[in-house]
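For reference, the chains in residue letters:
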Amino acid sequence: MPDAPRVPAEILQLRESIDNIDAALIYMLAERFRCTERVGQLKATGGLPPADLEREGQQIERLAGIAQTAGLDPVFAEALRAFIVSEVIRRHEAIAAERDGEAPVLDIYS
Ligand SMILES: C=C(O[C@@H]1C=C(C(=O)O)C=C[C@H]1O)C(=O)O
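Procedures and definitions
Residues numbered from 1 in each chain as written. Predicted model: local features only at pLDDT ≥ 70, side-chain atom pairs only at ≥ 80, totals over all residues. Heavy atoms only, no water. Helix = DSSP H or I, 4+ residues; strand = E, 2+ residues; numbered from the N terminus. Contact = heavy atoms within 4.5 Å. UniProt positions renumbered as here; feature names shortened; annotations may be inferred. Near = heavy atom within 4 Å. Polar contact = N/O pair within 3.5 Å; in protein donor to acceptor, adjacent residues only side chain to side chain. Areas by Shrake-Rupley, 256 points an atom, 1.4 Å probe, with all protein chains shown as cover. 1 Å grid on protein atoms, 1.4 Å probe; cavity = no way out; pocket = protein on both sides within 12 Å on 5 of 7 lines; lining within 4 Å. Sits in = over half its atoms within 2 Å of the grid points. Salt bridge = Lys/Arg side-chain N within 4 Å of Asp/Glu carboxyl O. Buried < 20%, exposed > 50% of the residue type's maximum accessible area, 1.4 Å probe, protein only.

Considerations on the side chain of Glu56
Part 1 of the argument: As for its placement among the helices and strands, Glu56 is situated in helix H2 (residues 53-70).
Part 2 of the argument: The contact partners of Glu56, leaving out residues within four places of it in the chain, are Ala51, Arg81, Val85 and Ile89.

Some remarks on the UniProt feature "domain: Chorismate mutase" (unreviewed entry) in the chain
Part 1 of the argument: The UniProt record marks residues 5-96 with the feature "domain: Chorismate mutase" (unreviewed entry), using the residue numbering of this structure.
Part 2 of the argument: Between the end C-alpha atoms of residues 5-96 the distance is 55 Å, and the span holds 86% helix and 0% strand.

A closer look at the site of the ligand
Part 1 of the argument: In the region of the ligand, 14 residues are neighbours, and Arg32, Lys43, Asp52, Glu56 and Gln59 sit closest.
Part 2 of the argument: Between Glu56 and the ligand, the recorded distance is 2.6 Å, taken from a side-chain N or O atom to an oxygen atom.
Part 3 of the argument: In isolation the ligand offers 360 Å² of accessible surface; the protein chains occlude 91% of this area.
Part 4 of the argument: The site holding the ligand turns out to be the second largest pocket.

Thoughts on the pattern of salt bridges
Part 1 of the argument: This structure, assessed with the given rule, holds five salt bridges.
Part 2 of the argument: Linking Glu37 and Arg91 is a salt bridge whose minimum nitrogen-to-oxygen distance equals 2.5 Å. In this pair, Glu37 sits in helix H1 (residues 9-46) while Arg91 sits in helix H3 (residues 74-98), placing the two residues 54 residues apart along the sequence.
Part 3 of the argument: Classification of Glu37 by relative accessible area gives partly exposed; the value is 23%.

Topic: the environment of Gly57
Part 1 of the argument: Topologically, Gly57 is positioned in helix H2.
Part 2 of the argument: For Gly57, a relative accessible area of 34% corresponds to the partly exposed category.
Part 3 of the argument: C-alpha separation for the pair Gly57 and Gly40, spaced 17 residues apart in sequence, amounts to 19 Å.

Below is the structure:
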């Protein structure tokens, strides 16, 4: 069998950037989940539901515009948002279930 063609230098160079971008995405996602984890705790404390469809509607509209401007397929951007948020809501439900039976704190703003 003939040898596979060598990977061109430009692809190797591009892969370095791809690896950096992948790392940045993981760091950003970890930071986002740290924030949403805290939101989930505050919601459970205040008796708020895990999902907020009004907020999500605003995010969907905003991100569609950003995707358009950035040259990213808005359908892909929305699928990615929905995938991430579904995991956030699953976590919020788990936090609320852990707190089940505890009385909500009525004033979480103080
Ligand atoms: C994080 C929140 O909870 C849910 C998750 C969201 C998100 O991950 O961006 C947005 C709205 C909510 O459905 C929130 O209400 O802000």
